[in-house]
Amino acid sequence: MTAGSTQPGSGAARAAPGQAGPPDADSLAEIELAAARRPVDTFGQGCVIVCNHLVRIYLVEGVEVQALQGLDLEVAPGELTALIGASGSGKSTLLNILSGMDRPTAGQVTVAGHDLLTMKGKDRLQYRRETVGFIWQQTSRNLLPYLTAAENVAVPMSFTGVSRRARAARAASLLEMLGVASCRDRLPAEMSGGEQQCAAIAVALANNPKVVLADEPTGELDTATAAHVFSALRTASAEAGVTVLVVTHDAEVAEHVARTLAIRDGRTSTEVLRRATAGGLVDAGAGEEYAVLDRAGRLQLPGEFTEALALRDRVRLALEPDHIGVWPDTVPPARDAERPGRHRQAGPGRSGRREGE
Ligand SMILES: Nc1ncnc2c1ncn2[C@@H]1O[C@H](COP(=O)(O)OP(=O)(O)OP(=O)(O)O)[C@@H](O)[C@H]1O
Ligand SMILES: [Mg+2]
């Protein structure tokens, strides 16, 4: 048996052979359980968006589609975060839940202190009017075609008892902030796609929401216009102090956002963090990619890593002083043999299968 292989039926994480196992040598299942039992108070603390093991299952003709599979997410106030991921990975599902338009099947989700799982009709309506603003990909869906840009921005305020004069003043100042003051008295049909999306951001900001959600707001625009609309979102985040979560397919645009989250198979899988310059702009390419470790200690290895080493089904793990080694099931960790007893190992998986079986 090679170093780190396990007895049938035993747990996966064990001491190296020749060494008495540390008293806390748990199985992976036990580690997962312990992680789930960790005090929950630190998770999501101070965050405006908190998703804890969020699940959304659609039932289509008796078949379950798991759109979100235990997604964890924390977004701090005022953050501008881009959300990327393959088609069908769950981005719109997440945004629909956060906007109060859809409900999760399980898990916890709070936005600005509102529990979206238990929120009822009237509160939900108020939440959608006042706490979140939403921008759709289709420019035509964001603005009423028979109203001018300023009138469109005034509409959400009319539901919250703002006076006509105050509505007009706020609409003008929001359009100005977003660089489309010249469109104030124009109908959407008299505006470019980029101008319409900037006006749509003004509509989303009208009631001073805590959070703005945008689902592919630049999907119908060329790259230069998309960059302009993104800079309007950045302005919204910086000047209005609003938290912005934006889905985008545009990798170039996402490179200019301080935090880019990737969703894979209904979970957050990787995260790229970039340092903002003094002007709030982000240096593209200077980002560092992180894998997201969920609350139960799970992470998704990037596809190119697993393919490069042909990692499948099970991997061997070894705990080093400052990192964790991951090896294919078939290859025993070399350093483990050289330095027996240095590592705690996990492998070849919970089945406890012996090498060669
Ligand atoms: N209303 C629905 N009924 C049934 N299944 C749905 C529904 N909405 C989404 N799904 C399914 O859930 C999964 C996630 O869909 P979602 O729309 O969230 O993906 P997405 O990441 O937004 O994709 P895209 O980039 O194409 O917009 C997909 O498998 C999709 O088919
Ligand atoms: Mg979508």
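Owing to the predicted nature of the structure, the values given are computational and were not obtained by experimental measurement. (Residues numbered from 1 in each chain as written. Chains lettered and ligands numbered in written order. Predicted model: local features only at pLDDT ≥ 70, side-chain atom pairs only at ≥ 80, totals over all residues.)

S.K.: If you had to explain helix α2 (residues 91-98) to someone new, which residues and values would you point to?
M.R.: Buried residues dominate α2, accounting for six of its eight residues. Regarding α2, the residues found buried are Lys91, Thr93, Leu94, Leu95, Ile97 and Leu98. Looking one or two residues past α2, glycine 100 carries a phi angle of roughly 85°, positive in sign. (Buried ≥ 20, exposed ≤ 12 C-beta atoms within 10 Å, placed from the backbone. Helix = DSSP H or I, 4+ residues; strand = E, 2+ residues; numbered from the N terminus.)

S.K.: So, the pairing of strand β4 (residues 80-84): which residues are in play, and what are the values?
M.R.: A regular strand places its side chains so that they alternate between the two faces of the sheet. Counting buried residues in β4 gives five out of five residues, a clear majority hidden from the surface. Both faces of β4 are covered, namely the face carrying Leu80, Ala82 and Ile84 and the face carrying Thr81 and Leu83. For β4 and strand β9 (residues 243-247), the ladder comprises four bridges, and the chain directions are parallel. The residue of β9 that forms the bridge with threonine 81 is leucine 245. Sheet topology note: the β4/strand β10 (residues 259-264) ladder contains four bridges and is parallel. When the sheet's bridge partners are listed, isoleucine 84 is paired in β10 with alanine 262. (Pairing = 2+ DSSP bridges.)

S.K.: Kindly report on the site of ligand 1, identifying the contributing residues and their values.
M.R.: Close contacts around ligand 1 come from Tyr58, Val60, Val65, Ala67, Gly85, Ser87, Gly88, Ser89, Gly90, Lys91, Ser92 and Thr93, and that covers them all. Elements with a minimum of two residues in the shell around ligand 1: β2 (49-60), β3 (63-75) and α2. Sorting elements by how many residues they give to the shell around ligand 1 places α2 first, with three residues. Here the shell around ligand 1 is composed, by residue class, of four nonpolar, seven polar and one charged. (Near = placed C-beta within 6 Å. Nonpolar A, V, L, I, M, F, W, Y, C, P; charged D, E, K, R; others polar.)

S.K.: For the confidence of the model for the protein chain, give the residues involved together with the corresponding values.
M.R.: In this model, the protein chain carries a mean pLDDT of 80, and residues with pLDDT of at least 70 account for 80%. Between the elements of the protein chain, mean pLDDT differs from a low of 33, seen in strand β1 (residues 13-15), to a high of 96, seen in strand β8 (residues 211-215). This model gives residues 1-23 a pLDDT under 50, and the stretch forms 69 contacts once residues within four places in sequence are excluded. The low-confidence segment residues 347-357, where pLDDT is below 50, has 29 contacts with residues more than four positions distant or belonging to other chains. (pLDDT = per-residue confidence, 0-100. Contact = placed C-beta atoms within 7 Å.)

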